[in-house]
Structures are given as structure tokens and as C-alpha cells.
Amino acid sequence: MVFVRGPETRDIQHFVEKVVFRLHESFPISKRVCKKPPYKVEETGNAGFLMHIEVYFKNKELPKKMCFKYQLNLEGDHLRCETLTFNNHTKDFRRKLIKAGAVMIVPKGAKAATRSSPDSSIPPTKKIKTSHVSEEPSKE
């Protein structure tokens, strides 16, 4: 199983529109689109391959998507975590990220302020652990 999810199973559907998994061309349907959670693919096979994963965002501005290459290895359990950083995002997209558990990072040199509002005028960098691309641990 390969999946994309938020850290501690946070609900990333607030800002993720869909996830596209591009499997090896030997699979009958090599392009798999997940428009709602769980964003995952379960298949059986005999060999590993390089899988392309596209995460599309509910964002009117850039970035509209991020692409990842994942080397699927069928031997053992593997977990790969990605931390996504969003700069210069809109207030609307910021609200979606915060709803999903985003962590606000104040740039160095900026005056730190305690704020709970996603509409804050301080221009932060949005940093959120969102994409955990993994093979499901075996149940042996």
C-alpha cells in the first residue's frame, strides 16, 4: 500500500483537492486518482519501480500541485515523510492549511507575535508536514 496523509493522520482534505498515483505501465490502470481520503493505492506486484505522485491543492494561486518521485521497494517496510513549505500564500489557502494543522513559522528577523488568526498581517512562511508517502507496514 502507498498513501499520502497528514502527520498524526491530520485531515489534509481541507487543502488537498486530489492525489494522482502513477503506477508502472504494466498495471491495467496505471493512473489512479483519489479525490477524497484515504489517498492510497493497494496493489500486488513482483518488482519495485519509480512511482510518480502528484498532490493537487485547493489553491487559486501557485502552487497548484507538488510532484514527488517515490521508489517503491517491495522488500521490507518503508516510510518517507515530506515537509511542505508554502510561501506567499493567499489568506484563503492559509485558512485551509491551518484547519489541517499547519505550523506557522515566523521568518528570521521578523518580530515574533502570538496570534491565533489565519488573517494575521505578519507575512509568515507556512510550513506543514503533510505528505507521508509510504508503504503500509506488514502485518507479520
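Structure first, text after, so check above.
Along each chain, residue indices are assigned from 1 in the same order as the chain's sequence is written. Two thresholds apply to this predicted model, a pLDDT of at least 70 for residue-level local features and 80 or more for giving and counting side-chain atom pairs, whereas whole-chain, interface and lining totals are computed over all residues. Note that water and hydrogens are dropped before the side-chain values are worked out from all heavy atoms of the structure.

### What about the pattern of salt bridges?
Opposite charge on two side chains permits pairing when their charged atoms draw close.
Argument step 1. Only one rule defines a salt bridge in this text: a Lys or Arg side-chain nitrogen within 4 Å of an Asp or Glu carboxyl oxygen. Here the structure, examined in full by the defined rule, presents 5 salt bridges.
Argument step 2. With a closest N to O distance of 2.9 Å, E43 and R32 form a salt bridge. Linking E43 in the loop between β4 (39-41) and β5 (49-57) with R32 in strand β3 (residues 31-34), this pair joins segments that are 11 residues apart in sequence.
Argument step 3. Between E82 and R80 there is a salt bridge, with the nearest N and O atoms lying 2.6 Å from each other. The numbering of helices and of strands both runs from the N terminus, where a helix is a DSSP run of H or I of at least 4 residues and a strand a run of E of at least 2.

### Quick notes on the packing of aromatic side chains
Argument step 1. Between rings of Phe, Tyr and Trp, where Trp is taken as its six-membered ring, a pair exists when centres lie within 6.5 Å; planes separated by under 30 degrees are stacked, by over 60 edge-to-face, and by other angles tilted. Evaluated as defined, the whole model comprises 7 aromatic pairs.
Argument step 2. With 5.3 Å between their ring centres and 85° between their planes, F57 and F86 make a pair best called edge-to-face. Within this pair, whereas F57 is found in strand β5, its partner F86 is found in strand β7 (residues 79-86), the two being separated by 29 residues in sequence. F86 carries the same exposure label as F57, and that label is buried.
Argument step 3. On the basis of an interplanar angle of 80° and a centroid distance of 5.2 Å, the ring pair of F86 and F93 is categorised as edge-to-face.
Argument step 4. Using a relative accessible area of 1% as the deciding quantity, one classes F93 as buried.
Argument step 5. In this structure an aromatic cluster arises from ring pairing among F15, F57, F86 and F93. Note on classification: 1.4 Å probe, protein chains only; a residue is buried when its accessible area is under 20% of the maximum for its type, exposed when over 50%, partly exposed between these limits.

### Re unusual backbone geometry
Argument step 1. Backbone torsion omega between P37 and P38 reads 0°, so that peptide bond is classified as cis.
Argument step 2. You can see P38 is positioned in the loop between β3 and β4.
Argument step 3. That bond from L62 to P63 is cis: its omega, 0°, falls within 30 degrees of zero.
Argument step 4. Structurally, P63 is set in the loop between β5 and β6 (65-72).

Shape is all these values report; function is a separate question.
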